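# Architecture at a glance
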Number of protein chains: 2
Amino acid sequence: MGDQDLKKSGLKVTTPRLKILYILEQDKTGHLRAEDIFSKLKEENQDVSLATVYRVLTSFEEVGLIKKHNFSDGHAVFEINHGEHHDHLVCNECGLIEEFVDDTIEKRQEDIAKNKGFKIIDHTMIIYGICRNCQNG
Amino acid sequence: MGDQDLKKSGLKVTTPRLKILYILEQDKTGHLRAEDIFSKLKEENQDVSLATVYRVLTSFEEVGLIKKHNFSDGHAVFEINHGEHHDHLVCNECGLIEEFVDDTIEKRQEDIAKNKGFKIIDHTMIIYGICRNCQNG
DNA sequence: GTCCGTGCAAAGGATTTGCATAATC
DNA sequence: GATTATGCAAATCCTTTGCACGGAC
């Protein structure tokens with residue numbers, strides 16, 4: 001499985017790449033930092049250096065296997081690219097990340113870009129707030 | 001003028017703060033990095049350390065005098081907070097930044113947050129693309 | 001065997017911090 | 001005069017890079 005994904009992407013199949021791809025696929029939060037991946041590898045006694053984690057993430061992003069997002073606390077998070085674009089809600093208290101898609105917003109964005117003469121490459125939208133749980137806490 | 005803004009915000013009036021506020025107010029792009037401000041101060045022979053620039057920007061942000069935005073190339077930019085929220089279009093070629101406001105999008109965001117049980121604190125939306133100029137270049 | 005991927009340690013950029021001094025209120 | 005801001009240099013966080021070695025194809 002991971003094997004196929006890597007080959008299809010034109011990347012050589014190596015242990016670090018397989019392991020990291022697997023971690024990204026299994027992740028429930030869907031949004032891991034390089035450090036998080038590094039820790040998970042360590043937990044499994046996988047000897048992969050942090051430098052390699054970054055290099056693997058970079059090449060995964062280049063071939064479109066994953067997506068990178070920059071949140072306001074200065075670090076990047078990565079998630080498997082399932083093809084369908086989506087945006088994010090981030091809880092400022094607990095860090096919970098929820099995803100959403102909204103066609104109305106997507107369409108408006110295209111109109112806006114067109115008006116300004118921009119050719120869209122990508123876009124990110126992040127709503128920062130307090131999630132239900134933290135409000136009740 | 002700057003004097004008043006600072007006093008109203010409960011910040012002590014100091015030369016670095018006045019100078020930095022002035023630079024932010026005068027800036028045409030509306031989006032400066034800490035380094036940019038530091039350079040501008042140097043050009044004017046103002047002896048303000050980079051550390052102070054960061055500290056001043058942080059306190060300005062805390063009192064709501066300015067807004068901070070995190071773009072995808074890893075550094076933050078700052079702009080005067082004129083009260084009205086707006087979002088950004090960024091050119092990946094030349095770095096041009098354009099602003100826009102769209103009520104439809106704003107409203108949809110509120111609905112989405114409400115559905116998910118989030119209390120919105122803030123949000124950012126950035127469209128990355130190629131501007132008209134760079135497309136023709 | 002060739003080429004690409006990896007580990008290690010060192011470098012890099014952006015931002016923060018500790019401490020002594022200097023300025024504001 | 002008490003409190004807060006500043007300068008300087010060192011520290012920190014996240015990420016990248018140079019180089020020699022090891023593994024994939």
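Up top is the structure.
This section reports on the structure supplied with the text. Only a predicted model underlies this, so the values are computations on that prediction, with no experimental measurement involved.

### Considerations on the packing of helix α3 (residues 34-43) of chain A against helix α4 (residues 50-62) of chain A
All names here are of chain A. Two numbers describe how α3 lies on α4: the axes approach to 9 Å, and their chain directions differ by 120°. Between α3 and α4, the interaxial angle falls into the category oblique. For the pair α3 and α4, the sense of crossing is right-handed. Counting all contacts with α3, which are made through Ala-34, Glu-35, Ile-37, Phe-38 and Leu-41, the residues of α4 involved are Leu-50, Val-53, Tyr-54 and Leu-57. Partitioned by chemical class, the residues of the contact of α3 with α4 number 8 nonpolar, no polar and 1 charged.

### Observations concerning the protein's contact with DNA strand D
Near DNA strand D there are 20 residues, and of these Tyr-54 of chain A together with Thr-14, Arg-17, Asp-47 and Thr-52 of chain B occur at the shortest range. Of all atoms in DNA strand D that approach within 4 Å of the protein, 70% are sugar or phosphate atoms. Note that a sugar or linking oxygen of DNA strand D is positioned 2.9 Å from one of the side-chain N or O atoms of Lys-12 of chain B. One nitrogen or oxygen atom from the main chain of Ser-49 of chain B is found 3.0 Å from a phosphate oxygen belonging to DNA strand D.

### Topic: the side chain of His-86 of chain B
Residue and element names in this part refer to chain B. Mapped onto the fold, His-86 is located in the loop between β2 (76-80) and β3 (87-91). Overall, His-86 belongs to the buried group, its relative accessible area being 13%. Of the polar contacts made by the side chain of His-86, one reaches the side chain of Glu-79; its length is 3.1 Å. Polar contacts involving the side chain of His-86 include one to the side chain of Glu-99, which spans 3.3 Å. Those residues in contact with His-86 that sit more than four places away from it in its chain are Glu-79, Glu-99, Phe-100 and Val-101.

### Overview of the pairing of strand β4 (residues 97-100) of chain A
Residues and elements named next belong to chain A. Two strands pair when backbone bridges link them, and strand β3 (residues 87-91) and β4 are joined in this way by 4 bridges, in the antiparallel orientation. Paired with Leu-89 across the strands is Glu-98, a residue of β4. From the end of β3 to the start of β4, which pair antiparallel, there are 5 residues, and Gly-95 there has a positive phi angle of about 85°.

Rules of the game
- Residues numbered from 1 in each chain as written.
- Chains lettered and ligands numbered in written order.
- Predicted model: local features only at pLDDT ≥ 70, side-chain atom pairs only at ≥ 80, totals over all residues.
- Heavy atoms only, no water.
- Axes fitted to C-alpha atoms, helices over the stretch in contact; angles between N-to-C directions.
- Helix = DSSP H or I, 4+ residues; strand = E, 2+ residues; numbered from the N terminus.
- Parallel < 35°, antiparallel > 145°, perpendicular 65-115°, else oblique.
- Left-handed = near helix turned anticlockwise from the far one by under 90°.
- Contact = heavy atoms within 4.5 Å.
- Nonpolar A, V, L, I, M, F, W, Y, C, P; charged D, E, K, R; others polar.
- Near = heavy atom within 4 Å.
- Polar contact = N/O pair within 3.5 Å; in protein donor to acceptor, adjacent residues only side chain to side chain.
- Buried < 20%, exposed > 50% of the residue type's maximum accessible area, 1.4 Å probe, protein only.
- Pairing = 2+ DSSP bridges.

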